[in-house]
Amino acid sequence: MARSLNKVMLIGYTADEPAIRVLDNGAKLAQVTVVTNEGVKRPDGKLEEEPEWNRVVFFGQMADIVDKYVHKGMRLYVEGKLRTRSYTDQAGGKRYITEIIGSNLIMLDSKSDAGGRAAPPFNQTNAFNQKPSFDQKAAFNPANLLNSTATAPASDADDEPPF
């Protein structure tokens, strides 16, 4: 049987304050954009940075941590997996969104870099071995996201299919 791997590891900076929502089923969701830069050599020999904007979604306890400690401009290490979902927009068109479902987060800024907002020590290994207090599949159900009382971010309208 062929094996596969869906794993994402990023080190980047938060582009904005996290968006926090509570879904209809009570699950907490935190969405943050992490910007990574890649050096690209141009034909004239100059090295230029190209930003990549990555949408990262956290659920449950990780969403609580993001809500409490993550702020705009912070440097983060994020682990997770890619998930592409589709929905029907208000005009009736089918839209696709590719997100990273975060499973691990390390804040890389020192306490002085983060303006004194750094998180206390957190044993991530123990936190991730605990059973979630909610059904993560139900929390990620696109119908729940569309039926939640919060409005979708404006950037959803600009997303194109990933193929």
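Residues numbered from 1 in each chain as written. Predicted model: local features only at pLDDT ≥ 70, side-chain atom pairs only at ≥ 80, totals over all residues. Heavy atoms only, no water.

### Here we look at the overall build of the chain
Next up, step 1: Scanning the chain from N- to C-terminus turns up 4 helices and 6 strands.
Next up, step 2: Relative to its 163 residues, the chain shows a buried fraction of 36%. (Helix = DSSP H or I, 4+ residues; strand = E, 2+ residues; numbered from the N terminus. Buried < 20%, exposed > 50% of the residue type's maximum accessible area, 1.4 Å probe, protein only.)

### Regarding the pairing of strand β4 (residues 47–59)
Next up, step 1: Where strand β3 (residues 28–41) meets β4, 13 bridges bridge the pair, whose relative direction is antiparallel. Across the sheet, residue Ala30 finds its bridge partner in β4, namely Phe58.
Next up, step 2: Linking β3 back to β4 in an antiparallel pair, the connection comprises 5 residues, with Gly45 at a positive phi of about 95 degrees. (Pairing = 2+ DSSP bridges.)

### Focus: the pattern of salt bridges
Next up, step 1: As enumerated under the stated definition, the model contains 7 salt bridges in all.
Next up, step 2: With its nearest N and O atoms 3.4 Å apart, the salt bridge here joins Lys7 to Glu79. Of this pair, Lys7 sits in the segment before β1 (8–14) while Glu79 sits in strand β5 (residues 75–88); the two residues are 72 residues apart in sequence, bridging distant segments of the chain.
Next up, step 3: The closest approach of N and O atoms between Asp67 and Lys28, which form a salt bridge, is 3.0 Å. Note that Asp67 is positioned in helix α1 (residues 60–69) and Lys28 in strand β3, a separation of 39 residues in sequence.
Next up, step 4: The exposure class assigned to Asp67 is partly exposed, which follows from its relative accessible area of 35%.
Next up, step 5: When salt bridges that share partners are traced, they join Lys28, Asp64 and Asp67 into one network. (Salt bridge = Lys/Arg side-chain N within 4 Å of Asp/Glu carboxyl O.)

### Description of the nonpolar core
Next up, step 1: Counting 18 residues, the largest nonpolar core has Val56, Phe58, Leu76, Val78 and Leu105 as its most contacted members.
Next up, step 2: Going through the elements one at a time, β1, β3, β4, α1, β5 and β6 (94–107) are the ones with two or more residues in this core.
Next up, step 3: Those residues in contact with Phe58 that sit more than four places away from it in its chain are Lys28, Leu29, Ala30, Val32, Ala63, Val66, Val78, Gly102, Ser103, Asn104 and Leu105.
Next up, step 4: Ranked by size, the runner-up nonpolar core spans 6 residues in total, among them Leu23, Ala27, Leu29 and Ile101. (Core = buried A, V, L, I, M, F, W, Y, C linked by side-chain atoms within 4.5 Å. Contact = heavy atoms within 4.5 Å.)

### Details of the side chain of Arg85
Next up, step 1: Positionally, Arg85 belongs in strand β5.
Next up, step 2: A distance of 3.1 Å separates polar atoms of two side chains, one belonging to Arg85 and the other to Glu99. (Polar contact = N/O pair within 3.5 Å; in protein donor to acceptor, adjacent residues only side chain to side chain.)

### Remarks on the pairing of strand β2 (residues 19–22)
Next up, step 1: Across 4 bridges, the pairing between β2 and β3 is antiparallel. Each bridged residue has a counterpart across the sheet, and for Ala19 the counterpart in β3 is Gln31.
Next up, step 2: Counting the residues between successive antiparallel strands, the hairpin from β2 to β3 contains 5 residues, one of them, Gly26, with a positive phi of roughly 90 degrees.

### Considering the confidence of the model for the chain
Next up, step 1: Residue-level pLDDT values for the chain average 79, and 67% of them are 70 or greater.
Next up, step 2: Scored below 50 in pLDDT, residues 116–137 shows 27 contacts in the model against residues more than four places distant or in partner chains.
Next up, step 3: Per-residue pLDDT stays below 50 along residues 145–157; that stretch engages in 21 contacts with residues further than four places along the chain or on separate chains. (pLDDT = per-residue confidence, 0-100.)

### With respect to the environment of Arg95
Next up, step 1: One can find Arg95 in strand β6.
Next up, step 2: With 10 residues separating them along the chain, Arg95 and Arg85 place their C-alpha atoms 8.4 Å apart.
Next up, step 3: A polar atom in the side chain of Arg95 sits 3.1 Å from the side chain of Asp89.

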